[in-house]
Amino acid sequence: MTNGLNDVKLELVDSVSAAEKFITWLGERRPYDAIAIDTETGEREGRPRSDALSPWHGDLRLVQVGDGITGWAIPWNEWGGVFYEAMNKFDGQIVCHNIAFEAKWFEIRSRWRMPWHRAHDTMIMAQLLDPLGSGALKKLTSQYVDPKAAALQSHLDEELAKNGWTWGTVPTNFEPYWAYGALDTVLTMRLFEQFWEKCGPGKSYSQAYELEMATRKIVTRMELNGARVDLDYSRRKYDELTAYSESVKDWAKGMYGGLSITSNIQLVKILESLGAEITELTPSGQKSASADQLKKLIIDGNPQVKELSEIVLKQRKADKLASTYFLNFINDNVNGFVHPSVKTMGARTGRMSITAPALQTLPKGDDTVRRAFLPKDDDHVIITSDLDQVEFRMFASLSEDPNLISLFNLADATGSDPFTEIGREIYQDPTMQKSDKRRSLIKGVVYGRLYGAGIAKQALTAGVPEDQMRAVSNAFDERFPGMITFQKKIEDIGMRRLREEGQGYVHTWTGRRLPCDEERVYTLVNYLIQGGAAEVFKANLIKLDRADLTDYLIVPVHDEIVLNAPREDAEEIKQLVRECMTTRDGWSVPLTADVDGPLNNWGEKYI
């Protein structure tokens, strides 16, 4: 922990003399030749407060610049020109906390652009150093700099509430407001000075940090590019789905004496009255009609229970598609384009997550929502590329199981499918095809192992009884023992580290440290594979960037990248994408990718 904040100076640019003082200050020599930059943003008059976070709907109010001692606040409308003059002369390192936020605001609301080649992000550093910790600036600085770091924010929150101000209406010369903003740059630099010791060149986290910063730049460009959506289709599907959902609710009320299937308590009551056994519980201990419970009832329930469970799952899906996706497309589009927000380190493993809309929760293989995504104009088409069973391929390579590796290579050489080839081996049936229902049992075993699921969960996912899944699992282990040996090896490493260091963890190929929760060492296999797959996908994005394809990228979802390609260059771009999305070096089973297109909409891939 540093010497706290007793020596901090906070300044406001509100006069010519203050502006001159700021420019002189910026020219001083300082550690790392680095400064921090931050912004304060707000909603416009009459607009919802959420607009304060959107550069397409809100406004810049303050821009702050600082080092580890001094923080400056610059009211944007009055003194933005001072920022331009100063930053055009500064050629040192730029540090932000959540660089994507600042970069998008400057891109949309200013003439200045983030110099990514000399920019850094302390939030990314913090998430690498402690994947289980908070990424929030005030919490981090309370931990690493001074416990009093959050006091100014608490004071500001009280003043905003007392005066009825919002982030869009608080006066820019109100000292608790501008001082709060200026302090953020000081705090950011204090964190940078500590984190750089582990994330800088040649340090233990340097490779992972360089990968994440390069990815963040590319994904921020995707967010700015946006994706065109079919608003007519979205409105039509929203109306259809909401009408269906309401009709199901009305039917259920009439059928079951006014009870509501959207109430967990009432749905449980209905199901039990039909003879269902409810075994799932909520965190508070109540019986739960969760999705997993309904899937169990579809397998084990009587005909009435099965029918109702299927209807409820369909109604829930309709509600989610309508409200999570189509309503967001309608309300949040900017001139027909949506700009999803992507967290490039959304999970502890480094996997991405997407909000506004939450595209990572799209039903796999479902074209309903994806059909809303269009090329940006008639001269462009959609191209998509999805990694082929990347986690299973990594698992097979790391297991070093010769039989499994041979089957993968056979599938690749013949144009077959690894799950089908494994099924032919286990069932001794060379005629088995990809459409065979037994293939889902193989997938259930494989991904159950990857995600640390037991036989019961594997059976539920595959939609079969547990005894049937157990038989397949045992046959799998007999033929491919390398996978379970590898699992045990990773768990043993995790247990040893837990005993000796107090925490179980694994390292990915970039040196990223992935910890597990106590008593959950078995999850480390999943973290290693999932984290490794995330890094492979990010490395592929960097290859796409080096191939000058970044301006065509729309959105990353799971292991898939979606592009907006010029129609006349579509075939050439497809070949480039396939090369960039395939990784062979270092893997016994190549990490290949499928490429689809040209498409008139994203959903055509799944029809």
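Report follows, based on the coordinates. (Residues numbered from 1 in each chain as written. Predicted model: local features only at pLDDT ≥ 70, side-chain atom pairs only at ≥ 80, totals over all residues. Heavy atoms only, no water.)

## Some thoughts on unusual backbone geometry
Working note: non-glycine residues mostly have negative phi, and peptide bonds are mostly trans.
Part 1 of the argument: Of note, the bond from Ala356 into Pro357 is cis; its omega dihedral lies within 30 degrees of zero at 5 degrees.
Part 2 of the argument: When you line up the elements, Pro357 lands in the loop between strand S10 (353–355) and helix H13 (367–370).
Part 3 of the argument: Going from Gly597 to Pro598, the amide bond is cis rather than trans, its omega being 0 degrees.
Part 4 of the argument: Examined against the element boundaries, Pro598 turns out to sit in strand S17 (residues 593–599). (Helix = DSSP H or I, 4+ residues; strand = E, 2+ residues; numbered from the N terminus.)

## Digging into the packing of helix H8 (residues 206–225) against helix H21 (residues 524–546)
Part 1 of the argument: For the pair H8 and H21, interaxial distance at closest approach is 9 Å and the crossing angle is 65 degrees. The interaxial crossing formed by H8 with H21 has left-handed handedness. Only Glu535, Lys538, Ala539, Leu541, Ile542 and Asp545 of H21 make contact with H8, whose side of the interface consists of Leu211, Glu212, Ala214, Thr215, Ile218, Val219 and Met222.
Part 2 of the argument: The residue makeup of the contact of H8 with H21, split by class, is eight nonpolar, one polar and four charged. (Axes fitted to C-alpha atoms, helices over the stretch in contact; angles between N-to-C directions. Left-handed = near helix turned anticlockwise from the far one by under 90°. Contact = heavy atoms within 4.5 Å. Nonpolar A, V, L, I, M, F, W, Y, C, P; charged D, E, K, R; others polar.)

## Side note on the sheet that holds strand S12 (residues 380–387)
Part 1 of the argument: Taken together, four strands build an open sheet; the order of strands is S15-S16-S12-S17 and the sheet is antiparallel. A single partner strand is all that each edge strand has here, and the edge strands are strand S15 (553–557) and S17. The mean inter-strand angle of the sheet, taken between neighbouring strand axes irrespective of direction, is 15 degrees.
Part 2 of the argument: In this structure, S12 lies alongside strand S16 (residues 560–566), joined through seven bridges in antiparallel fashion. Paired with Val381 across the bridge in S16 is Ala565.
Part 3 of the argument: In this fold H21 packs onto S12, S15 and S16, with an angle of close to 15 degrees to the strand it touches most, S16. (Pairing = 2+ DSSP bridges.)

## Brief notes about the nonpolar core
Part 1 of the argument: With 95 residues, the main nonpolar core has Phe329, Phe373, Phe392, Ile422, Leu541, Leu544 and Ile561 as its most contacted residues.
Part 2 of the argument: The leading source of residues in this core is H21, at eleven residues.
Part 3 of the argument: Excluding its chain neighbours within four sequence positions, the residues that come into contact with Leu541 are Thr215, Ile218, Val219, Met222, Met352 and Ile561. (Core = buried A, V, L, I, M, F, W, Y, C linked by side-chain atoms within 4.5 Å. Buried < 20%, exposed > 50% of the residue type's maximum accessible area, 1.4 Å probe, protein only.)

## Quick word on the packing of aromatic side chains
Part 1 of the argument: Using the criterion set out here, one finds 27 aromatic pairs in the structure.
Part 2 of the argument: Ring centres 5.4 Å apart and planes at 70 degrees place the aromatic pair Trp76 and Tyr84 in the edge-to-face group. Of the two residues, Trp76 and Tyr84, both sit in the buried class.
Part 3 of the argument: Both rings, one in Phe329 and one in Phe373, keep their centres 5.4 Å apart while their planes meet at 85 degrees; by these two values the pair is edge-to-face. Placement of the pair is Phe329 in helix H12 (residues 303–332) and Phe373 in strand S11 (residues 373–374), with a sequence separation of 44 residues.
Part 4 of the argument: A residue is classified by how much of its surface remains accessible, and Phe373, at 3% relative accessible area, is buried.
Part 5 of the argument: Ring-pair connections join several aromatic residues into one group, and the members of that group are Trp76, Phe83, Tyr84, Phe106 and Trp112.
Part 6 of the argument: In this structure, Arg370 is placed above the aromatic ring of Tyr606, and the distance from its NZ or CZ to the ring centre is 4.6 Å. (Phe/Tyr/Trp six-rings, centres within 6.5 Å; stacked < 30°, edge-to-face > 60°. Lys NZ or Arg CZ within 6 Å of the ring centre and 35° of its normal.)

## Some points on the side chain of Thr510
Part 1 of the argument: Position of Thr510 among the secondary structure elements: in the loop between strand S13 (505–507) and strand S14 (513–515).
Part 2 of the argument: A distance of 2.6 Å separates a polar atom in the side chain of Thr510 from a polar atom in the side chain of Glu535.
Part 3 of the argument: When sequence neighbours within four positions are dropped, the list of residues in contact with Thr510 reads Ser204, Gln207, Ala208, Leu211 and Glu535. (Polar contact = N/O pair within 3.5 Å; in protein donor to acceptor, adjacent residues only side chain to side chain.)

## Looking at the sheet that holds strand S8 (residues 337–338)
Part 1 of the argument: Spatially, three strands are ordered S8-S7-S11 in an open sheet, and the strand pairing comes out antiparallel. Single-partner strands in this sheet number two, and they are S8 and S11.
Part 2 of the argument: With two bridges connecting them, strand S7 (residues 227–229) and S11 associate as antiparallel partners. Bridged to Val229 within S11 is Phe373.

## Digging into the side chain of Asp38
Part 1 of the argument: Mapped onto the secondary structure, Asp38 falls in strand S2 (residues 34–42).
Part 2 of the argument: If sequence neighbours within four positions are ignored, Asp38 has contacts with Leu62, Val63, Gln64, Glu102, Gly181, Asp184 and Thr185.

Treat this as a map of the structure, not an account of what it does.
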